[in-house]
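Observations on chain architecture
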Amino acid sequence: MNDQWTNRLSEYIDGELDSTERASLEAHLATCGQCFATLGELRQVVLRAKSLDDAPPATDLWIEIAREIRREHAPARRDRLVRRRFSLTVGQLMAASIALVLLSGGGAWLALQSRQSTEPTPVGESTQRPRVGQLVTWTGHTDAAIADLQTALTQNERRLDTATVRIVRMNLAIIDRAIADARIALQKDPGNAYLNLHLANTMRRKVELLRRVNDMAAARS
Amino acid sequence: MPRQVLEDTLTADSIAADSALAASGDATAFERLYRTHVARVHTLVRRMLDADEADDVTQDVFIRAWQKLSTFRGESAFGTWLHRLAVNVVLARRKSVGIERGRFINEEEPLRGVTSKPVTPELSMDFEEALASLPEGARQVFVLHDVEGYRHEEIARMLGVVPGTSKSQLHHARMALRRHLDR
């Protein structure tokens, strides 16, 4: 075996030789059966490395981790979270942004409430705010659509596998929490444009999720 | 939408939601993240360090992840962020025990017990065992490059060596492991 070339075989496999070196090595491989065989074995090693499986620890490490993180304090994190910029995909908005709504909605509402109590209302603002009657109308329509979609999902759910159903339910639970929180806040301040917008977006996302899941279930029938 | 794509999307959405909730202090959401990612993290740690350190270091990775969640900006997948954090914790551990540099730059160190061809199948090590028997430097470069997909330039930066050393260690590792491909 020619050590000069054998030691370059990994670089050859990884495409790290320049064209001159590659041509020289290939010329050598054409005449050296040992290097050729070694090259084949090294390629198998690379393939084997990519197929290795992950294995969980033999014991559950969560108990110790949970004990440790209980000592941590969340308030500082929450403050930073409000300033954080998330780059979520459109798809992720169905769940990730809802979580942020949960976190930021209440805080923003409290902030707005506080500001309202100390700042004078600008002239004309009250006429631009949604009225209670408007809120009841649009949420009523959306509630009806959601109810229909949820009925359909109940019928279609058995066509989906358990893991998918679990994920869907988890996402729906997150969205429902956000909707419930927004409704509670709106009961106290029905004209709050910020909360109305969040409720509308959250309900829209629930409708989108339900439609997508129903489409998927229908495609499997 | 294809079923797998939707499931992947929902899973990614769920992880993104949990990472946001965990960042706000929701330990239940963080536990879900732990359950999803622990096998990958533990396996990485076990391969990079000695097996008897794997549990402690894995716990350390998740505790640090909890502490650093506020720096996760959602610009990459949570799993990618956690994985990089795990690599950093492993490398810090490696430095803290003061064993890395002497071993790492010694390219002539014999590949303990893994170079000889197995005589019989009964006596042969499987691939994971052979990997664990590699010298630390060769093992870490092999895991980072061939298993985890890092480039030599990245590995060299992480390990504080030149890319040529990383390439050389990788080749030594592959040459040793080729004799222990699963039969």
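Residues numbered from 1 in each chain as written. Chains lettered and ligands numbered in written order. Predicted model: local features only at pLDDT ≥ 70, side-chain atom pairs only at ≥ 80, totals over all residues.

**Things to note about the overall build of chain B**
Of regular secondary structure, chain B possesses nine helices and zero strands. A total of 183 residues make up chain B; the buried ones form 44% of that total. In chain B, of all internal contacts separated by at least 6 residues, the share reaching a separation of at least 24 is 62%. (Helix = DSSP H or I, 4+ residues; strand = E, 2+ residues; numbered from the N terminus. Buried ≥ 20, exposed ≤ 12 C-beta atoms within 10 Å, placed from the backbone. Contact = placed C-beta atoms within 7 Å.)

**Some words on the overall build of chain A**
The number of helices and strands found in chain A is eleven helices and zero strands. Listed N to C, the secondary structure of chain A is α-α-α-α-α-α-α-α-α-α-α in terms of helices and strands. Per-residue burial for chain A yields a buried fraction of 24% across its 221 residues. Put simply, of all contacts in chain A between residues at least 6 apart along the chain, 74% involve residues at least 24 apart.

**Things to note about the packing of helix H7 (residues 136-147) of chain B against helix H9 (residues 163-177) of chain B**
Axes are the key here: two packed helices are described by the angle between their axes and the distance separating the axes. Residues and elements named next belong to chain B. It is the contact of H7 with H9, at a shortest axis distance of 8 Å, that shows an interaxial angle of 95°. Compared by their axis directions, H7 and H9 come out roughly perpendicular. On H9, the residues that touch Gly137, Ala138, Arg139, Val141, Phe142 and His145 of H7 are Ser166, Gln169, Leu170, His172 and Ala173. Class assignment for the residues of the contact of H7 with H9 results in five nonpolar, five polar and one charged. (Axes fitted to C-alpha atoms, helices over the stretch in contact; angles between N-to-C directions. Parallel < 35°, antiparallel > 145°, perpendicular 65-115°, else oblique. Nonpolar A, V, L, I, M, F, W, Y, C, P; charged D, E, K, R; others polar.)

**A look at the nonpolar core**
Ranked by size, the top nonpolar core spans 75 residues in total, and within it B:Val45, B:Val61, B:Ala86, B:Val90, B:Phe142 and B:Ala173 carry the most contacts. For B:Val45, the residues in contact, after removing those within four places along its chain, are B:Ala54, B:Val57, B:Thr58, B:Val61, B:Ala86 and B:Val90. (Core = buried A, V, L, I, M, F, W, Y, C linked by C-beta atoms within 7 Å.)

**Focus on the environment of B:Phe62**
Turning to its location among the elements, B:Phe62 is positioned in helix H3 (residues 54-68). Judged by local crowding, B:Phe62 falls into the buried class, with 28 C-beta atoms found within 10 Å. Residues B:Phe62 and B:Leu85, spaced 23 residues apart in sequence, show a C-alpha to C-alpha distance of 9.1 Å. The contact partners of B:Phe62, leaving out residues within four places of it in the chain, are A:Ile65 and B:Tyr34.

**Observations regarding the environment of B:Thr28**
By secondary structure assignment, the location of B:Thr28 is in helix H2 (residues 27-48). Spatially, the C-alpha atoms of B:Thr28 and B:Asp18 are 8.7 Å apart, while their sequence positions differ by ten residues.

**Looking at H9(B)**
An ideal rise of 1.5 Å per residue puts 21 Å on 15 residues; H9(B) measures up with 21 Å between its terminal C-alpha atoms. With eleven of its 15 residues buried, H9(B) lies for the most part within the structure. The set of residues buried in H9(B) consists of B:Ser166, B:Lys167, B:Gln169, B:Leu170, B:His171, B:His172, B:Ala173, B:Arg174, B:Met175, B:Ala176 and B:Leu177. The inward-facing, buried residues of H9(B) abut helix H2 (9-13) and helix H4 (33-50) of chain A together with helix H6 (127-133), H7 and helix H8 (152-159) of chain B. (Expected span 1.5 Å × (residues − 1).)

**With respect to the confidence of the model for chain A**
All names here are of chain A. Confidence in the prediction of chain A, expressed as mean pLDDT, is 73, and 67% of residues score 70 or more. Element-level pLDDT for chain A is lowest in helix H8 (residues 125-128), with a mean of 36, against a maximum mean of 95 in H2. Counting contacts from residues 74-94, a segment whose pLDDT is below 50, to residues more than four positions away or on other chains yields 42 contacts. The model gives residues 102-134 a pLDDT under 50, and that stretch makes 31 contacts with residues more than four places away or in other chains. (pLDDT = per-residue confidence, 0-100.)

**Brief notes about the packing of H3(B) against helix H4 (residues 78-96) of chain B**
All names here are of chain B. Viewed as axis vectors pointing N to C, H3 and H4 meet at an angle of 125°, and their least axial separation amounts to 9 Å. Between H3 and H4, the angle falls in the class oblique. The interaxial crossing formed by H3 with H4 has right-handed handedness. Every residue of H4 that contacts H3 at Val57, Asp60, Val61, Arg64, Ala65 and Lys68 is listed here: Leu82, Leu85, Ala86, Val89, Val90 and Arg93. (Left-handed = near helix turned anticlockwise from the far one by under 90°.)

**Thoughts on the confidence of the model for chain B**
The predicted structure's coordinates, where accompanied by low pLDDT, should not be read in detail. When the pLDDT values of chain B are averaged, the result is 82; 78% of them are 70 or greater. The ipTM for the predicted assembly is 0.79, set against a pTM of 0.58.

**As for the environment of A:Leu209**
Looking at where A:Leu209 falls in the secondary structure, it is placed in helix H11 (residues 193-219). When the C-alpha positions of A:Leu209 and A:Leu172 are compared, they lie 8.1 Å apart, and in sequence the two are 37 residues distant.

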